[in-house]
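Spelled out from the first residue to the last, the chains are:
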Amino acid sequence: MQIIKTIHELHPIVKAWRKEGLSVGLVPTMGYLHDGHKSLIERAVKENDRVVVSDFVNPTQFGVNEDLASYPRDIARDAALCEKAGAALIFHPQPEEMYAPDNCTFVDMNRLTKGLCGKTRPTHFSGVCTVVSKLFHIVTPDRAYFGEKDAQQLAVIRRMVRDMNFDIAIVGCPIVREPDGLAMSSRNTYLSEEERGAALVLHRALSLGEEMMRAGERDTGKIRQAMVDMVEREPLAKIDYVEIVDSDTLEKVEWAASSVLAAMAVYIGKTRLIDNFTFEN
Ligand code: PAF
């Protein structure tokens, strides 16, 4: 399996696949791959003739005081995982390859990106939409695979694809969890042993919310408050947000009448973790 670093090298490879009539799947990642990414790659391998995994820590989606410099990176380990999972190649560009020094074009969206993670990360989704658009243009996949853990990102990308007429199917894949329930994330490596235990509160609180909905509760105010109370009982946790929104519009709902997304972002020490569940009525 090859590691390709430039667009110039990647283009003829994809062109040759196309000439043979092969379908192409793309799994966009920021690297430091875990079993969640592996499940995306394996699904892509099942559904496409060739799979490209992009491995790029995208600077434009990090805010000024965020963890761009310390974000974990290990391309050798990533390559081994991709090869085992059946990917055809890794696209691993440097930031200069993706962004000209005088780059001044960004893809932005004025709905879906203001609430939830967008509240404390106001430039994040513009960075995501910009880099994902670039990857779509560079790789020209038939299908692209994203994890449901980043539920807002998935909704934003689906909307961008619709609005910008990308002829690409977006495939959402289920959250992969550790045996004790913690959603897999490259940022879990930041947690100390004590914080790792405290981080379980996200899954516990979401499970409580889901149980309440299954039992017939539809008042989102009550459900949200129960989840907030549970997180607040954990001394190492600090809530960024806990919200229940419409899964498609991401607008807050008072009554869980249709498909709703219950999502949270919680700081455990200095590490910001996200998790969610979707409830279909
Ligand atoms: O989900 C991620 O890892 C990133 O936001 C993505 C989609 C690869 C864009 O950089």
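See the structure printed just above.
Residues numbered from 1 in each chain as written. Predicted model: local features only at pLDDT ≥ 70, side-chain atom pairs only at ≥ 80, totals over all residues. Heavy atoms only, no water.

Considerations on the pairing of strand E8 (residues 260-268)
Within E8, eight of the nine residues are buried, leaving the element largely enclosed by the surrounding structure. The sheet contact formed by strand E7 (residues 237-246) and E8 spans nine bridges and is antiparallel. Counted as the bridge partner of Ile244 is Ala262 from E8. The pairing of E8 with strand E9 (residues 271-279) spans nine bridges and is antiparallel. Bridge pairing in E9 links Ile268 to Thr271. The loop that links E8 with its antiparallel partner E9 comprises two residues; one of these, Gly269, has a positive phi angle of about 60°. (Buried < 20%, exposed > 50% of the residue type's maximum accessible area, 1.4 Å probe, protein only. Helix = DSSP H or I, 4+ residues; strand = E, 2+ residues; numbered from the N terminus. Pairing = 2+ DSSP bridges.)

A closer look at the pairing of strand E3 (residues 50-55)
Consecutive residues of a regular strand have side chains that alternate between opposite faces of the sheet. Of all the six residues making up E3, five are buried; the element is thus mostly covered by neighbouring parts of the structure. Here strand E2 (residues 24-29) runs beside E3; their pairing, made up of six bridges, is parallel. Bridge assignment links Val27 to a residue of E3, and that residue is Val53. One crossover worth recording links E2 to the parallel E3 by way of helix H2 (residues 35-47), and it is right-handed. Sheet topology note: the E3/strand E4 (residues 89-91) ladder contains three bridges and is parallel. For Val53, the partnering residue across the bridge sits in E4 and is Ile90. Crossover E3 to E4 through helix H3 (residues 75-85) is right-handed. (Right-handed = clockwise from strand over helix to strand, strands pointing away.)

Overview of the sheet that holds E2
Ordered by their spatial adjacency, six strands build an open sheet running E1-E4-E3-E2-E5-E6, and the pairing between neighbours is parallel. Each edge of the sheet is formed by a strand with only one pairing partner; in this case those strands are strand E1 (2-4) and strand E6 (169-173). Averaged over all adjacent pairs, the angle separating strand axes in this sheet is 25°, with direction ignored. Contacts from helix H7 (residues 151-163) reach strand E5 (143-147) and E6 within the one sheet, and its direction differs from that of E6 by about 170°. (Axes fitted to C-alpha atoms, helices over the stretch in contact; angles between N-to-C directions. Contact = heavy atoms within 4.5 Å.)

Considering the environment of Ala80
Along the chain, the position of Ala80 falls in helix H3. Owing to a relative accessible area of 48%, Ala80 belongs among the partly exposed residues under this scheme. Each C-alpha atom, one on Ala80 and one on Met1, is 9.0 Å from the other, the two residues being 79 residues apart in sequence.

Here we look at the site of the ligand
Every residue lining the ligand is accounted for by Pro28, Thr29, Met30, Asn58, Gln61, Val128, Val131, Phe146, Asp150 and Gln153. The side chain of Gln61 places a nitrogen or oxygen atom 2.6 Å from an oxygen atom of the ligand. Here Gln153 contributes a side-chain N or O atom positioned 2.7 Å from an oxygen atom of the ligand. For the shell around the ligand, the elements supplying multiple residues, two or more each, are E2 and helix H6 (124-139). (Near = heavy atom within 4 Å. Polar contact = N/O pair within 3.5 Å; in protein donor to acceptor, adjacent residues only side chain to side chain.)

Examining the side chain of Arg218
Along the chain, Arg218 turns up in the loop between helix H9 (200-214) and helix H10 (220-232). One buried charged residue, Arg218, forms no salt bridge at all, with the nearest opposite charge on Glu217 at 7.3 Å. Not counting residues up to four positions away in its chain, the partners in contact with Arg218 are Met213, Ile223, Glu254, Trp255, Ala256, Phe279 and Asn281. (Lys, Arg positive; Asp, Glu negative; His and termini not counted. Salt bridge = Lys/Arg side-chain N within 4 Å of Asp/Glu carboxyl O.)

Worth remembering: the numbers are spatial, not functional.
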